[in-house]
Amino acid sequence: EAGVTQFPSHSVIEKGQTVTLRCDPISGHDNLYWYRRVMGKEIKFLLHFVKESKQDESGMPNNRFLAERTGGTYSTLKVQPAELEDSGVYFCASSQVRRASGDNEQFFGPGTRLTVL
Amino acid sequence: AQSVTQLDSHVSVSEGTPVLLRCNYSSSYSPSLFWYVQHPNKGLQLLLKYTSAATLVKGINGFEAEFKKSETSFHLTKPSAHMSDAAEYFCVVSVTTSGSARQLTFGSGTQLTVLP
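Residues numbered from 1 in each chain as written. Chains lettered and ligands numbered in written order. Predicted model: local features only at pLDDT ≥ 70, side-chain atom pairs only at ≥ 80, totals over all residues. Heavy atoms only, no water.

Scanning chain A from terminus to terminus reveals zero helices and eleven strands. Helices and strands appear in chain A in the N-to-C order β-β-β-β-β-β-β-β-β-β-β. Computed over the C-alpha atoms, the radius of gyration of chain A is 14 Å, within 12% of the 13 Å expected from 2.2 N^0.38 for a compact globule of 117 residues. Burial status across chain A gives 48% buried among its 117 residues. Counted over contacts in chain A with a minimum sequence separation of 6, partners at least 24 positions apart contribute 53%. For chain A, the accessible area works out to roughly 5900 Å², and carbon and sulfur atoms hold 49% of it. When the 14 basic and 14 acidic side-chain charges of chain A are each reduced to a single mean position, those positions are 2 Å apart. (Helix = DSSP H or I, 4+ residues; strand = E, 2+ residues; numbered from the N terminus. Rg over C-alpha atoms; globule rule 2.2 N^0.38 Å. Buried < 20%, exposed > 50% of the residue type's maximum accessible area, 1.4 Å probe, protein only. Contact = heavy atoms within 4.5 Å. Areas by Shrake-Rupley, 256 points an atom, 1.4 Å probe, with all protein chains shown as cover. Lys, Arg positive; Asp, Glu negative; His and termini not counted. Charge placed at Lys NZ, Arg CZ, Asp CG, Glu CD.)

Below, the discussion takes up the packing of aromatic side chains. With the rule as written, the count across this model stands at 14 aromatic pairs over all chains. Measuring from ring centre to ring centre gives 5.5 Å for B:Phe63 and B:Tyr89, while their planes differ by 45°; the resulting arrangement is tilted. Residue B:Phe63 is located in the loop between β7 (56-58) and β8 (64-68), and its partner B:Tyr89 is located in strand β10 (residues 87-96); the two are separated by 26 residues in the primary sequence. Taken together through their ring pairs, the aromatic side chains of A:Tyr33, A:Tyr35, A:Phe45, A:Phe108, B:Phe34, B:Tyr36, B:Phe90 and B:Phe106 make up a single cluster. In this structure, A:Arg22 packs its charged tip against the face of A:Tyr74, placed 3.8 Å from the ring centre. (Phe/Tyr/Trp six-rings, centres within 6.5 Å; stacked < 30°, edge-to-face > 60°. Lys NZ or Arg CZ within 6 Å of the ring centre and 35° of its normal.)

Another point: unusual backbone geometry. Here A:Phe7 and A:Pro8 are connected by a cis peptide whose omega angle stands at -5°. Here the bond from A:Gln80 into A:Pro81 is cis, since omega is -10°, no more than 30 degrees from zero. Counting through the fold element by element, A:Pro81 comes out in the loop between β8 (75-79) and β9 (88-95). If you check the backbone angles, A:Lys51 has positive phi at about 55° while not being a glycine. The phi dihedral of B:Asn41 falls on the positive side, at around 65°, and the residue is not glycine.

Turning to the side chain of B:Asp85, a few remarks are in order. Residues and elements named next belong to chain B. Relative to the elements of secondary structure, Asp85 occurs in the loop between β9 (73-78) and β10. Residue Asp85 is classed as buried on the basis of its relative accessible area of 4%. A polar contact is formed between the side chain of Asp85 and the side chain of Lys78, at a distance of 2.8 Å. Within polar-contact distance, the side chain of Asp85 engages the backbone nitrogen of His82 at 2.8 Å. With residues up to four places along the chain from it excluded, the contact list for Asp85 reads Phe63, Lys78, Ser80, Leu112 and Val114. (Polar contact = N/O pair within 3.5 Å; in protein donor to acceptor, adjacent residues only side chain to side chain.)

All names here are of chain A. Taken across its eight residues, strand β5 (residues 43-50) has six buried, putting it largely inside the fold. Pairing of strand β4 (residues 31-37) with β5 involves seven bridges; the strand directions are antiparallel. Bridging across to β5, Trp34 finds its partner in Leu47. Hairpin connection from β4 to β5: five residues lie between these consecutive antiparallel strands, with Gly40 at a positive phi of about 80°. The sheet contact formed by β5 and strand β6 (residues 53-56) spans three bridges and is antiparallel. Bridged to Val50 within β6 is Ser53. A loop of two residues connects β5 with β6, the two strands running antiparallel in sequence, and Lys51 in this loop sits at a positive phi of about 55°. (Pairing = 2+ DSSP bridges.)

Turning our attention to the sheet that holds strand β1 (residues 5-7) of chain A. Residue and element names in this part refer to chain A. Strand order in this open sheet of four strands is β1-β3-β8-β7, and the pairing throughout is antiparallel. At either margin of the open sheet sits one strand with a lone partner, and together these are β1 and β7 (65-68). Within this sheet the neighbouring strands show an average axis-to-axis angle of 15°, counted without direction. Sheet analysis places strand β3 (residues 19-24) next to β8, joined by five bridges and oriented antiparallel. Paired with Leu21 across the strands is Leu77, a residue of β8. (Axes fitted to C-alpha atoms, helices over the stretch in contact; angles between N-to-C directions.)

With that settled, consider the confidence of the model for chain B. With 94% of its residues at a pLDDT of 70 or more, chain B has an overall mean of 90. Per-element mean pLDDT across chain B ranges from 84 in strand β11 (residues 102-106) of chain B up to 98 in strand β3 (residues 19-21) of chain B. (pLDDT = per-residue confidence, 0-100.)

What follows is the structure in structure tokens.
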């Protein structure tokens, strides 16, 4: 079974340009998460989808970031316009519907390394 | 608020010697704690998790961690390091937000180097 995939693996853009990152979760996983690691910092939560609905977007840094998950399958994260401080690695993760007890494992993709010049 | 502190940004051990990666947590409630590993150019992989069952948790590749509430610690250990263990390790706490939403709060990571 394929794991979580992300595209592209690397992206280099100039300040002010637009970039769209894509995440394909594991088939059948309703939960999809975006995280970001800025250079030298911790990995930070951005947002959480349950199917096509945004369950929690408290970690989104500002309105230049737009996440979508049309049809509840793959998700995109658009940065428009990109700024220098947006550089970092963007991770996507997916998990099954949460059980009544315990934590469902989040499966992570390899990340997209974004460099804004 | 929940948080985790990884006490060492870099740890270097010789192959065949024990590994100890330290993690302290802060949580208002009974936490769920995890260790993830990231090898170069790979996604984060779950090593083990603690969810209020046994305090000594065994994971993959010979790793284990012990939940110590009195010390608010969840250190990761392995008796004998292998070259393939060289990677970055993250201690993580699970945060329950609204409804069933869950966030993972990550420590800053520990880079493990294994010397031949």
